[in-house]
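What follows is the residue order along each chain.
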Amino acid sequence: MKSSGRGLYNFFGGLAILFVFWWIGGYFISINPSTEHFAAFGPIPTFKAFPELWSSGTIQSAIAASGYRLGLGLLIAIVIGVPIGILMGRSKRFREISNSPFQLLRMISPLAWMPLAVIVFATWNQSIIFLIAIASVWPVAFATAAGLAKIDPAWFKVARNLGAKPIHMMTKIILPAISFDVFTGIRLALGVAWIVLVPAEYLGVTSGLGYSIEDARETLSYHHLTAIVLVIGALGYILDSTCVLLIKHFSWHRGDES
């Protein structure tokens, strides 16, 4: 109970400090003649913009569009990344052959794929989903492989001696043992995908959080811009916190680390 109260105190205390610095920065912007037209970046105009954006449906539609792209891109990354990670962890030969090309692909900026994605895919929506998937697959794959490498080989020997089939190996040993690492990889992938999503939505689409920021910039609605930025930060925090809860739930064999 005491720990929970301290956590809430730290949470709201940290936000209060951030708000104070934001207010001070907005104040100095508003009193400077050369920057006073950017005063809408301040906290008061920003918070006043939320009811307007909500009543017009801007926030809801942006979250729905970006959430669809993010969710589908992450799902593709997980469906591809987990099997690849299992192969890397179980097969030394596959790991040795795939390490160099996978590391090369991993180090390519996801946004560098954008011109190719536009050519290959019929719509910008599909291109953005591809960019999210290509950015997210590597944290999932390498985290899965790292988790599998930590499994005691004796577990597999005992399972074979007891007549376990490959499906039993997968469902009773591998998946439960690597769940912590898989969710850790998904958390890392989510962070990368969230960073890729917004700039990818600056071009070509007419929906989403990135588009809302670009639209606000072009219409000089700076209070709308900062409001959407806050929405992005709040959503990212919620998603990351959800991953942390899942990691803690599956950390029974690792202690209480996150």
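The written sequence of each chain sets the order in which its residues are numbered from 1. Whole-chain, interface and lining totals are the exception, using all residues; otherwise, since this is a predicted model, local features are given only for residues with pLDDT of at least 70 and side-chain atom pairs are given and counted only at 80 or more. The basis for the side-chain values is all heavy atoms of the structure; hydrogens and waters are excluded.

Looking up the protein in an unreviewed UniProt entry gives the name ABC transporter permease, with the organism given as Candidatus Thiodiazotropha taylori. UniProt positions are given in the numbering used here, feature names are shortened, and annotations may be inferred rather than shown by experiment. Quoted verbatim from the Subcellular location (unreviewed entry) heading of the UniProt record, the comment on the protein is "Cell membrane". Quoted verbatim from the Sequence similarities (unreviewed entry) heading of the UniProt record, the comment on the protein is "Belongs to the binding-protein-dependent transport system permease family."

Asks: What is the right way to read the side chain of Thr144 from this model?
Replies: Relative to the helices and strands, Thr144 resides in helix H6 (residues 124-149). If we skip the residues at most four places from it in the chain, Thr144 touches Val82, Gly85, Ile86, Ile178 and Val182. The way it works is that DSSP assigns letters per residue, a run of H or I at least four long becomes a helix, a run of E at least two long becomes a strand, and they are numbered from the N terminus. Here, residues are in contact when the closest pair of their heavy atoms is within 4.5 Å.

Asks: Would you mind showing me how to read the packing of aromatic side chains here?
Replies: When we look at a pair of aromatic rings, we describe it by the centre distance and by the angle of the planes. Planes of paired rings set the category: under 30 degrees apart is stacked, over 60 is edge-to-face and the rest tilted, where pairs are Phe, Tyr or Trp rings (Trp by its six-membered ring) whose centres lie within 6.5 Å. Here the structure, examined in full by the defined rule, presents eight aromatic pairs. Ring centres of Phe121 and Phe130 lie 5.2 Å apart, and the angle between their planes is 40 degrees; on these two criteria the pair is classed as tilted. A relative accessible area of 23% places Phe130 in the partly exposed class. We count a charge as sitting over a ring when the NZ of a lysine or the CZ of an arginine lies within 6 Å of the ring centre and within 35 degrees of the ring normal. Between the NZ or CZ atom of Arg106 and the centre of the ring of Phe142, over which it lies, the distance is 5.7 Å. Accessibility here uses a 1.4 Å probe with only protein chains present; expressed as a share of the type maximum, an area under 20% marks a residue as buried, one over 50% as exposed, and anything in between as partly exposed.

Asks: Which parts of the structure should I look at to understand the UniProt feature "transmembrane region" (unreviewed entry) in the protein?
Replies: Following the UniProt record, the feature "transmembrane region" (unreviewed entry) maps to residues 7-29, 70-89, 101-122, 128-152 and 225-247 here. Taken end to end, residues 70-89 is 100% helix and 0% strand, and its first and last C-alpha atoms sit 27 Å apart.

Asks: How do you make sense of the environment of Pro43 when you look at a structure like this?
Replies: Assignment of secondary structure puts Pro43 in helix H2 (residues 43-55). Sequence-distant contacts of Pro43, that is, excluding residues within four places in its chain, are made with Phe19, Trp22 and Trp23.

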